[in-house]
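Take a look at the letters that make up each chain.
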Amino acid sequence: MATIELTRENFEDVLAGDDMVLIDFWAGWCGPCRFFAPVYERVSDEHADIVFGKVDTEAQQELAAAFQISSIPTLMIIRDRVVLYAQPGALREPDLEKLIEEARAVDMDEVRRHAAEHQHKHSA
C-alpha cells in the first residue's frame, strides 16, 4: 500500500478506520527525511493491512504542533488510537520492520487495562 498524505481534514477519519497507523512527520528541506522516505515507502508496500501516513510539517503545522513534533523525521505508531511509539530519527529498513513486528505483538487489552489503572490512580 502506498503512503497517504495526512492532513488536518483527513487525520481523524484515518485514525478511526484503521487498527494500526504509522505516521512519518517530515519536511522537504530535511536531509534525513529524504533518506527515510524511500525506506518508508518500500516497507509500506509490504504491509497492506497498515496505513502508512505522511505529515508534511511545513504544510500541516497544526498537526505537528498537536503531537509536539520538535525534530524530524519523527515516526509515530498508533494502534487502536493509542500511541505506542514516537521517536525522531531516520530508521534503516530492518529496524523499521522490527518495530512493526513489535507493535503488532503488543497486547492492546493489557495496554488499555494499564492505562485505565493509571488514570484511576491519578484521578483519585
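Predicted model only: the values in this text are computed from it and were never measured.

Q: What am I meant to see in the environment of glycine 89 here?
A: Of note, glycine 89 is situated in the loop between strand E5 (82–88) and helix H4 (93–105). For the pair glycine 89 and proline 32, spaced 57 residues apart in sequence, the C-alpha to C-alpha distance is 7.5 Å.

Q: How should I be thinking about the UniProt feature "site: Deprotonates C-terminal active site Cys" (unreviewed entry) in the protein in this particular structure?
A: Per the UniProt annotation, the sites labelled "site: Deprotonates C-terminal active site Cys" (unreviewed entry) are Asp24. Along the chain, aspartate 24 turns up in strand E2 (residues 20–26). A relative accessible area of 0% means that aspartate 24 is categorised as buried. Ignoring sequence-local partners within four residues, the contact set of aspartate 24 consists of Phe36, Tyr40, Gly53, Lys54, Val55, Pro73 and Thr74.

Q: Help me understand the nonpolar core, please; the structure alone is not making it clear to me.
A: Nonpolar side chains in soluble globular proteins tend to end up buried together. In terms of nonpolar packing, the biggest core is built from 18 residues, with Ile23, Phe25 and Ile72 touching the most fellow members. Contributing elements (two or more residues each) for this core: helix H1 (11–17), E2, strand E3 (51–56), helix H3 (61–66) and strand E4 (74–79). Setting aside chain neighbours within four positions, we find isoleucine 72 in contact with Phe25, Trp26, Ala27, Trp29, Cys30, Cys33 and Thr57. Val39, Ile50, Phe52 and Leu96 belong to the second largest nonpolar core, which has 15 residues in total.

Q: Looking at this structure, I do not really get the packing of helix H2 (residues 31–46) against H4. What am I missing?
A: Two numbers describe a pair of packed helices, the interaxial angle and the distance between the axes. Remark: H2 packs on H4, axes separated minimally by 10 Å, with the N-to-C direction vectors making an angle of 45°. By the angle between their axes, H2 is oblique relative to H4. Here the hand of the crossing between H2 and H4 comes out right-handed. Residue-level contacts link Phe36, Val39, Tyr40, Arg42, Val43 and Glu46 of H2 to Glu93, Leu96, Glu97 and Ile100 of H4.

Q: Sorry if this is basic, but what is going on with the state of the cysteines here?
A: One covalent bond between the sulfur atoms of two cysteine residues makes up a disulfide. For the structure on display, the rule yields one disulfide. Across the disulfide from cysteine 30 sits cysteine 33; the S-S distance is 2.4 Å. The S-S bond linking cysteine 30 to cysteine 33 shows a torsion near 80°; that makes this disulfide right-handed. The pair formed by cysteine 30 and cysteine 33 is uniform in burial state, with each residue classed as buried.

Q: Can you help me understand the pattern of salt bridges in this one?
A: Pairs can form between side chains of opposite charge whenever their charged atoms are close. Under the definition given, this model contains twelve salt bridges. The residue arginine 8 makes a salt bridge to glutamate 9 at a minimum N-O spacing of 3.3 Å. Residue classification places arginine 8 among the partly exposed positions, given a relative accessible area of 48%. The exposure class of glutamate 9 is exposed, given its relative accessible area of 57%. Of the charged contacts in the structure, one is a salt bridge between glutamate 93 and arginine 42, with a shortest N-O distance of 2.8 Å. Taken together, the positions of glutamate 93 in helix H4 and arginine 42 in helix H2 put the pair 51 residues apart, joining distant regions of the chain. Look at arginine 42 and you get partly exposed, because its relative accessible area is 41%.

What counts and what doesn't
Residues numbered from 1 in each chain as written. Predicted model: local features only at pLDDT ≥ 70, side-chain atom pairs only at ≥ 80, totals over all residues. Heavy atoms only, no water. Helix = DSSP H or I, 4+ residues; strand = E, 2+ residues; numbered from the N terminus. UniProt positions renumbered as here; feature names shortened; annotations may be inferred. Buried < 20%, exposed > 50% of the residue type's maximum accessible area, 1.4 Å probe, protein only. Contact = heavy atoms within 4.5 Å. Core = buried A, V, L, I, M, F, W, Y, C linked by side-chain atoms within 4.5 Å. Axes fitted to C-alpha atoms, helices over the stretch in contact; angles between N-to-C directions. Parallel < 35°, antiparallel > 145°, perpendicular 65-115°, else oblique. Left-handed = near helix turned anticlockwise from the far one by under 90°. Disulfide = S-S within 2.5 Å. Salt bridge = Lys/Arg side-chain N within 4 Å of Asp/Glu carboxyl O.

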